[in-house]
Amino acid sequence: MRIWSLHPAHLDRAALVACWREALLAQAVLAGRTKGYTRHPQLERFRAQSDPLGSVGAYLSAVADEADARGYRFDRTRILRPGPAAVRIPVTDDQLALEWQHLGAKLDQRSPADAVRWRAATPSAHPLFTVVPGPVEAWERASTV
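As the structure is a prediction and not an experimental result, all values here were calculated from the model. (Residues numbered from 1 in each chain as written. Predicted model: local features only at pLDDT ≥ 70, side-chain atom pairs only at ≥ 80, totals over all residues. Heavy atoms only, no water.)

### Some words on the overall build of the protein
Item 1. Regarding its fold elements, the protein presents 5 helices and 2 strands.
Item 2. Its C-alpha atoms give the protein a radius of gyration of 15 Å, near enough to 15 Å, the size a compact globule of 145 residues would have.
Item 3. The C-alpha extent of the protein, read off along each of the three principal axes, is 40 × 35 × 30 Å.
Item 4. Counting across all 145 residues of the protein, residues that qualify as buried make up 46%.
Item 5. Accessible area for the protein stands at about 7500 Å²; split by element, carbon and sulfur atoms hold 52% of it.
Item 6. For the protein, the centre of its 19 positive side-chain charges and the centre of its 15 negative side-chain charges are spaced 7 Å apart. (Helix = DSSP H or I, 4+ residues; strand = E, 2+ residues; numbered from the N terminus. Rg over C-alpha atoms; globule rule 2.2 N^0.38 Å. Buried < 20%, exposed > 50% of the residue type's maximum accessible area, 1.4 Å probe, protein only. Areas by Shrake-Rupley, 256 points an atom, 1.4 Å probe, with all protein chains shown as cover. Lys, Arg positive; Asp, Glu negative; His and termini not counted. Charge placed at Lys NZ, Arg CZ, Asp CG, Glu CD.)

Okay, structure coming up:
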């Protein structure tokens, strides 16, 4: 499961669709609607919030906004608590850099045109997150990029 800290605008089509599905799965876990993935480390940052479902709903809303901007139709009725988050979640600059490199490696493999766009861009965070100085997040389990 990869719930990107990067802004959804950076993701290629495959990553955007996968991010949507994986965040919906995270929502299901947080709502107690599934028994799988309950210990997934990326859920820690949502669980730490006073309103985990509101936070994941805000995450999903921003992903759906990007889908709308590209002309895709993601079913917003699947978001249990849509809308902006009451509180932004911190993410470290080293975590964002790790994800940026991870995304670039994926784009090089599957989407050369998007890889060119990636090389010309500067990483930015998903609107739910605010970037703070620090090392890779403790919940990150990615192998070396």
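### Observations concerning the nonpolar core
Item 1. The biggest cluster of nonpolar side chains holds 36 residues, and the ones touching the most others in it are Trp 4, Trp 20, Phe 46 and Tyr 59.
Item 2. Of all the secondary structure elements, the ones that give two or more residues to this core are α1 (13-30), α3 (52-69), β1 (89-92), α4 (93-110) and α5 (112-120).
Item 3. Residue contacts for Trp 20: discarding those within four places in its chain leaves Leu 60, Val 63, Ala 64, Phe 74, Asp 75 and Ile 79. (Core = buried A, V, L, I, M, F, W, Y, C linked by side-chain atoms within 4.5 Å. Contact = heavy atoms within 4.5 Å.)

### Some points on α3
Item 1. Between its first and last C-alpha, α3 extends 26 Å over 18 residues, near the 26 Å set by a 1.5 Å rise per residue.
Item 2. For α3, a buried count of 14 out of 18 residues is recorded, marking the element as mostly surrounded by other parts of the structure.
Item 3. Gly 71 occupies a position one or two residues after α3 and carries a positive phi of about 85°. (Expected span 1.5 Å × (residues − 1).)

### Thoughts on the packing of aromatic side chains
Item 1. By the definition in use, this model includes 5 aromatic pairs.
Item 2. Between the aromatic rings of Phe 46 and Tyr 59, the centroid separation amounts to 6.0 Å while the plane-to-plane angle is 85°, which identifies the pairing as edge-to-face. Separated by 13 residues along the polypeptide, Phe 46 in helix α2 (residues 44-47) and Tyr 59 in helix α3 bring together distant segments of the chain. Assigned by exposure class, Phe 46 and Tyr 59 land together as buried.
Item 3. Put simply, the rings of Trp 20, Tyr 72 and Phe 74 touch in pairs and so form one group of aromatic residues.
Item 4. Seen from the ring of Trp 4, Arg 2 lies directly overhead, with NZ or CZ sitting 5.5 Å from the centre. (Phe/Tyr/Trp six-rings, centres within 6.5 Å; stacked < 30°, edge-to-face > 60°. Lys NZ or Arg CZ within 6 Å of the ring centre and 35° of its normal.)

### Some words on the side chain of Glu 140
Item 1. Turning to its location among the elements, Glu 140 is positioned in the segment after β2 (129-132).
Item 2. Of the polar contacts made by the side chain of Glu 140, one reaches the side chain of Arg 2; its length is 3.0 Å.
Item 3. A distance of 2.6 Å separates polar atoms of two side chains, one belonging to Glu 140 and the other to Gln 95.
Item 4. What Glu 140 contacts, discounting residues up to four positions off in sequence, is Arg 2, Gln 95, Leu 98 and Glu 99. (Polar contact = N/O pair within 3.5 Å; in protein donor to acceptor, adjacent residues only side chain to side chain.)

### Here we look at the pattern of salt bridges
Item 1. Taken as a whole and assessed by the stated rule, the structure comprises 9 salt bridges.
Item 2. One salt bridge connects Glu 66 with Arg 70, and the closest N-O pair in it is separated by 2.8 Å.
Item 3. Note on Arg 70: relative accessible area 26%, which makes it partly exposed.
Item 4. Close ionic contact of Arg 119 with Asp 108 constitutes a salt bridge, the shortest N to O distance being 2.5 Å. Of this pair, Arg 119 sits in helix α5 while Asp 108 sits in helix α4, placing them 11 residues apart in sequence.
Item 5. Connected through shared salt-bridge partners, Arg 2, Glu 99 and Glu 140 make up one network. (Salt bridge = Lys/Arg side-chain N within 4 Å of Asp/Glu carboxyl O.)

### Concerning the environment of Leu 96
Item 1. Residue placement: Leu 96 occurs in helix α4.
Item 2. A residue is classified by how much of its surface remains accessible, and Leu 96, at 7% relative accessible area, is buried.
Item 3. Distance from Leu 96 to Ala 85, taken between C-alpha atoms, is 20 Å for residues 11 residues apart in sequence.
Item 4. Apart from the residues within four sequence positions on either side, Leu 96 is in contact with Ser 5, Leu 6, Ser 124, Ala 125 and Val 131.

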